[in-house]
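Given next are the chains, with one letter for each unit.
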Amino acid sequence: MLEHFRKEEHPFVEQALEWKKTVETTYERRLTDFLDPREQDILASVVGRDETVYLSFWGGNEYCERKRAVLYPFYEEITRNDFDLCLFQAAYPEKFITLSHPDVLGALTGLGLKRGKYGDIIKGDGFFQFVTAGDTALFIEMNLNQIGKASIATEPISFDKMLKEKEDWEEIHTTVSSFRLDAMMAEMYKLSRGKTLPYIEKGRVKVNWRTVDKPSFVLQTGDYVSVRGQGRRKVMDCLGKTKKDRCKVVYGKKKDT
């Protein structure tokens, strides 16, 4: 199993295998923290079409990016309540101050919360919404009263009021000289290969939500790439070689909402 994944992904693969084994042997469900899309893909691959262990994901609505997973015995039925989620809304005076996603991330991190304890953060007009694990809800409600320099009012709200951010991808077919990060970035972001280096070397590039600072890093199908200030791309498929020995690739460009 491990040979199908990168070395840096092995700890998570081993964790996923342990979750699956626990459900197989104890017939008790296992609820995870919030997982990013790459971790969701890995977990789904590890569980596969198992006849004993079933797998479900939920993050608050059908468009959420970060989700919790429940692994459970085949004979059980899972409802959305089993994911133990809470939705908060934090209002701030938009006329006097500007806040961004990193400000909310910083505020939640400043409370000592790990990233796995909260899911998507969605910006509205004069407020943010964010999903958390139920076991952190009371702590957040009592302690989150400031984001950046803004005093805020944080309150739990019904998931019926959750904003929906649909993730649309434009599929683009092209060819590249190789699947090296610098070569792929040059094509996906329409940069010269030389101009990709400052982004990579200064830590502004993430692959599967982890900073990568080596231009020679080799991308694979399913990888998510994000460049600070330049948006996100996804390697969707590799279709072999052309007669000129270039790699045929399909990548997704996340559309602006």
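Going by the structure above, here's the rest.
The paragraphs below set out a description of the structure included in this document. Keep in mind the model is a prediction, meaning the values are calculated, not measured. (Residues numbered from 1 in each chain as written. Predicted model: local features only at pLDDT ≥ 70, side-chain atom pairs only at ≥ 80, totals over all residues. Heavy atoms only, no water.)

## What to know about the side chain of Arg-6
In step 1: Relative to the helices and strands, Arg-6 resides in the segment before helix H1 (10-26).
In step 2: A relative accessible area of 9% places Arg-6 in the buried class.
In step 3: With residues near it in sequence (within four places) discarded, Arg-6 still touches Asn-208, Phe-217, Val-218, Leu-219, Gln-220 and Asp-223. (Helix = DSSP H or I, 4+ residues; strand = E, 2+ residues; numbered from the N terminus. Buried < 20%, exposed > 50% of the residue type's maximum accessible area, 1.4 Å probe, protein only. Contact = heavy atoms within 4.5 Å.)

## Let's talk about a positive patch on the surface
In step 1: Taken together, Lys-202, Arg-204, Lys-206 and Arg-228 make up a surface patch of like positive charges.
In step 2: In this fold, Arg-228 is placed in the loop between strand S13 (224-227) and strand S14 (231-241).
In step 3: We classify Arg-228 as exposed; its relative accessible area is 58%. (Patch = residues over 30% accessible without salt bridge, like charges linked within 9 Å, V, L, I, M, F, W, Y side chains within 5 Å. Areas by Shrake-Rupley, 256 points an atom, 1.4 Å probe, with all protein chains shown as cover. Salt bridge = Lys/Arg side-chain N within 4 Å of Asp/Glu carboxyl O. Lys, Arg positive; Asp, Glu negative; His and termini not counted. Charge placed at Lys NZ, Arg CZ, Asp CG, Glu CD.)

## A few points about H1
In step 1: Here H1 spans 24 Å end to end across 17 residues, near enough to the 24 Å set by a 1.5 Å rise per residue.
In step 2: Every buried residue belonging to H1 is among Phe-12, Val-13, Ala-16, Trp-19, Lys-20 and Val-23, and all of these are buried. Within H1, the buried residues cover an arc of 120° as seen down the axis, which keeps them to one side. Exposed and facing more than 90 degrees away from the buried side of H1 are Pro-11, Lys-21 and Thr-25.
In step 3: On its buried side, H1 packs onto strand S1 (30-35), helix H2 (37-47), strand S2 (53-58) and strand S3 (67-73).
In step 4: Trailing H1 by a residue or two, Tyr-27 shows a phi angle of about 55°, which is positive. (Expected span 1.5 Å × (residues − 1). Arc of directions from axis to C-beta.)

## Looking at the sheet that holds strand S5 (residues 118-123)
In step 1: With respect to topology, four strands assemble into an open sheet ordered S5-S6-S4-S9, the strand pairing being antiparallel. Two strands lie at the open edges of the sheet, namely S5 and strand S9 (153-157), each paired on one side alone. Direction aside, neighbouring strands of the sheet carry axes that sit 25° apart on average. (Pairing = 2+ DSSP bridges. Axes fitted to C-alpha atoms, helices over the stretch in contact; angles between N-to-C directions.)

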